[in-house]
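Residues per chain are reported as follows:
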Amino acid sequence: MAAPTLRYLFRGRWSRTPGPSANLPLGLRKAHSGAQGLLAAQKARGLFKEFFPERGTKVELPELFNRGMAGSFPQTIYCGFDATADSLHVGHLLALLGLFHFQRAGHNVIALVGGATARLGDPSGRTKEREALDAERVRANASALRRGLEALAANHQQLFTDGRTWGSFTVLDNSAWYQKQHLVDYLAAVGAHFRMGTLLSRQSVQTRLKSPEGMSLAEFFYQVLQAYDFYYLFQRYGCRVQLGGSDQLGNIMSGYEFINKLTGEDVFGITVPLITSTTGAKLGKSAGNAVWLNRDKTSPFELYQFFVRQQDDSVERYLKLFTFLPIPEIDHIMQLHIKEPEKRGPQKRLAAEVTKLVHGREGLDSAKRCTHALYHSSIDALEVMSDQELKELFKEASFSELVLDPGTNVLDTCRKANAIPDGPRGYRMITDGGVSINHRQVTNPESVLVVGQHILKNGLSLLKIGKKNFYVIKWLQL
């Protein structure tokens, strides 16, 4: 079996000693004693939803983390992210937050990119089969996901440190241990340990089998591969806990049964809630409502606004789920909100914390600049915005590069930017007050452009026609 390629990030180093007896990684420092309340604390916050199995095993899950208190060893926890797209989205954030909370408590975490399993497609929570992806596309997606996960882990490490000794964060790709597997050998070694009746009984399988489209063999086999991933990480890294969305419980159960049957050892699963839209639909690529974490798909401004727009009845829950803020601080934020709800303090704090984690401090600054420029008509914000920020903020806007000739006036500018029609109608649009430049209404078509008023210090003009039509002009040879 091919050994996976490791990425060592931050502190800590994995044991390279395989075997089920290595249920705790060797050569690692002791876990922080604050881990003793980790499971209960995250359950109280609403982040950890279900534990499997809850009881009846040789080692109970809380005992696994609390054993020996300050003298306990760090555990290893993993969560998988299939490479079905080239970016993670908000729907993945809670699983990542779960990994980060374990890391902050001194445990070691693995973010597993599904470079192999993405070729099959997880049927959990789906009403029809995923569109098949070719190998090259999946490899490109997997590479992009690795970069995204590493960037998030780096932001977490740099911007949210709390003075404790953290565990390590490692990114792996399951294609590393599948690419040299031979089908018949794999089926002979692994397939004999799975019972068809058990696999068929999973809710995700039953739902798809009863659907008009049915279920392909590739989808049906997905849970076997996810179970084997868990087994491989248990053997290779002593990983005893799998984290996943609540729709992953069936796959996690398959992994538990497989490992327990082969080794007699107990492993565990923890689920996090699924994030849904206001209509109750799961947020994600398949539903067409994904809020992406890569900047080239969803800008920091758009991510910030997604959380700023959350309703009062969900913002307290989201502060507990999506941030590291202590509960007493969240309670204080909500108490202030009751007194001054118009300030939307909890929404702004939520948006700031998430945007900083995803895009770093520069990304948060960018989101705030764009917010001030668009919603507060801030000239100062417009003047310091980069071309990238302008294009992100005004996605539907037309961008033009124009030469500023002597005597260029408002009418000339509007016509060169193709913002108004030729003839009297366009002229009247200006005189009737339907045109503004840099958030200032202009009503005289013959007014000559003035640098510092109509043209900002960064050589840009923001032209607005009516209420929603924007045109960005970059002046050349100023």
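Further up the page is the structure itself.
Everything numeric here is computed off the predicted structure, so don't read it as measured data.

Enquirer: Please set out the packing of aromatic side chains residue by residue, giving values where relevant.
Expert: Within this structure, the stated rule accounts for 21 aromatic pairs. Put simply, the rings of Trp-177, Tyr-178, Tyr-186, Phe-221, Tyr-228, Tyr-231, Tyr-232 and Phe-258 touch in pairs and so form one group of aromatic residues. One residue, Arg-104, lies across the ring of Phe-324, its end atom 4.1 Å from the ring centre. One residue, Lys-391, lies across the ring of Phe-399, its end atom 5.7 Å from the ring centre.

Enquirer: Explain the sheet that holds strand 8 (residues 435–437) to me, and be specific about the residues and the numbers.
Expert: Two strands in a sheet stick together by hydrogen bonds in their backbones, pointing the same way (parallel) or opposite ways (antiparallel). The strand order 7-11-10-8-9 describes an open sheet built from five strands, whose pairing is mixed. Strand pairing shows two members of the sheet lacking a second neighbour, strand 7 (398–403) and strand 9 (440–441), which therefore form its edges.

Enquirer: Any chance you could break down helix 1 (residues 38–45) for me, citing the residues and the numbers?
Expert: An α-helical turn contains 3.6 residues, so a residue and the one three or four places further along point in the same direction. Inspection of helix 1 places Leu-38, Leu-39, Gln-42 and Arg-45 among the buried residues, and these make up the whole buried set. The arc that holds every buried residue of helix 1, seen down its axis, measures 130 degrees, which confines them to one face. Projecting away from the buried face of helix 1 at angles above 90 degrees are the exposed residues Ala-40 and Ala-44. After helix 1 finishes, the residue Gly-46 shows a positive phi value of roughly 95 degrees.

Enquirer: Would you mind going over unusual backbone geometry in detail, with residue names and values included?
Expert: The amide bond that connects Phe-52 to the next residue, Pro-53, takes the cis arrangement and shows omega of -15 degrees. Relative to the assigned elements, Pro-53 resides in the loop between strand 1 (50–52) and helix 2 (61–66). One non-glycine residue, Ser-377, lies in positive phi territory at about 50 degrees. Secondary-structure assignment places Ser-377 in the loop between helix 15 (345–375) and helix 16 (379–384). The phi torsion at Asn-418 lies on the positive side, around 55 degrees, for a residue other than glycine. Tracing the backbone shows Asn-418 in the loop between helix 18 (410–416) and helix 19 (424–431).

Enquirer: Describe the packing of helix 13 (residues 312–322) against helix 15, and please don't skip the residues or the numbers.
Expert: Running from amino to carboxyl end, helix 13 crosses helix 15 at an angle of 30 degrees, the nearest separation of the two axes being 10 Å. For the crossing formed where helix 13 meets helix 15, the hand is left-handed. When helix 13 is examined against helix 15, the residues Asp-312, Val-315, Tyr-318, Leu-319 and Phe-322 are found in contact with a partner set consisting of Pro-346, Gln-347, Leu-350 and Val-354.

Enquirer: Which residues make up the sheet that holds strand 5 (residues 241–245), and what values go with them?
Expert: Across the sheet, six strands lie side by side as 1-6-5-2-3-4; this open sheet has mixed pairing. The sheet is open, and its two edges are formed by strand 1 and strand 4 (169–173), each paired on a single side. On average, adjacent strands in this sheet sit at an angle of 25 degrees to one another, irrespective of strand direction. Summarising the sheet, strand 5 and strand 6 (residues 268–272) pair through five bridges and their orientation is parallel. By the bridge assignment, Val-241 is partnered in strand 6 with Phe-268.

Enquirer: Would you mind going over the pairing of strand 4 in detail, with residue names and values included?
Expert: For strand 4, a buried count of five out of five residues is recorded, marking the element as mostly surrounded by other parts of the structure. Note that strand 3 (residues 108–114) and strand 4 share five bridges and pair parallel. Residue pairing in the sheet places Ile-110 in a bridge with Thr-170 of strand 4.

Rules used throughout
Within each chain, residues carry numbers counting from 1 in the order of the written sequence. For a predicted model such as this one, the threshold for reporting local features is a pLDDT of at least 70, and the threshold for listing and counting side-chain atom pairs is 80 or more; totals across whole chains, interfaces and linings nevertheless cover every residue. For the side-chain quantities, the full set of heavy atoms in the structure was used; hydrogens and water were omitted. Aromatic rings from Phe, Tyr and Trp, taking only the six-membered ring of Trp, are treated as a pair when their centres fall within 6.5 Å; an angle between ring planes under 30 degrees marks them as stacked, one over 60 as edge-to-face, and anything in between as tilted. The rule for a charge over a ring is simple: NZ of Lys or CZ of Arg within 6 Å of the ring centre, and within 35 degrees of the ring normal. Any two strands are treated as partners once DSSP identifies two or more bridges connecting them. The secondary structure listing takes helices from DSSP runs of H or I that are at least 4 residues long and strands from runs of E that are at least 2 residues long, numbered from the N terminus. Three exposure classes are used, based on accessible area relative to the maximum for each residue type with a 1.4 Å probe and protein chains only: buried under 20%, partly exposed in between, and exposed over 50%. Note: the arc covers the axis-to-C-beta directions of the helix. In this description, a line fitted to the C-alpha atoms serves as the axis of each element, helices being fitted only across the stretch in contact, and the angle between N-to-C directions of two axes falls anywhere from 0 to 180 degrees. Each crossing gets its hand from how the near helix is turned against the far one by less than a right angle, where anticlockwise is left-handed and clockwise is right-handed. In what follows, a contact means two residues having at least one pair of non-hydrogen atoms within 4.5 Å.

So far we have only geometry, and geometry alone does not tell us how the molecule works.
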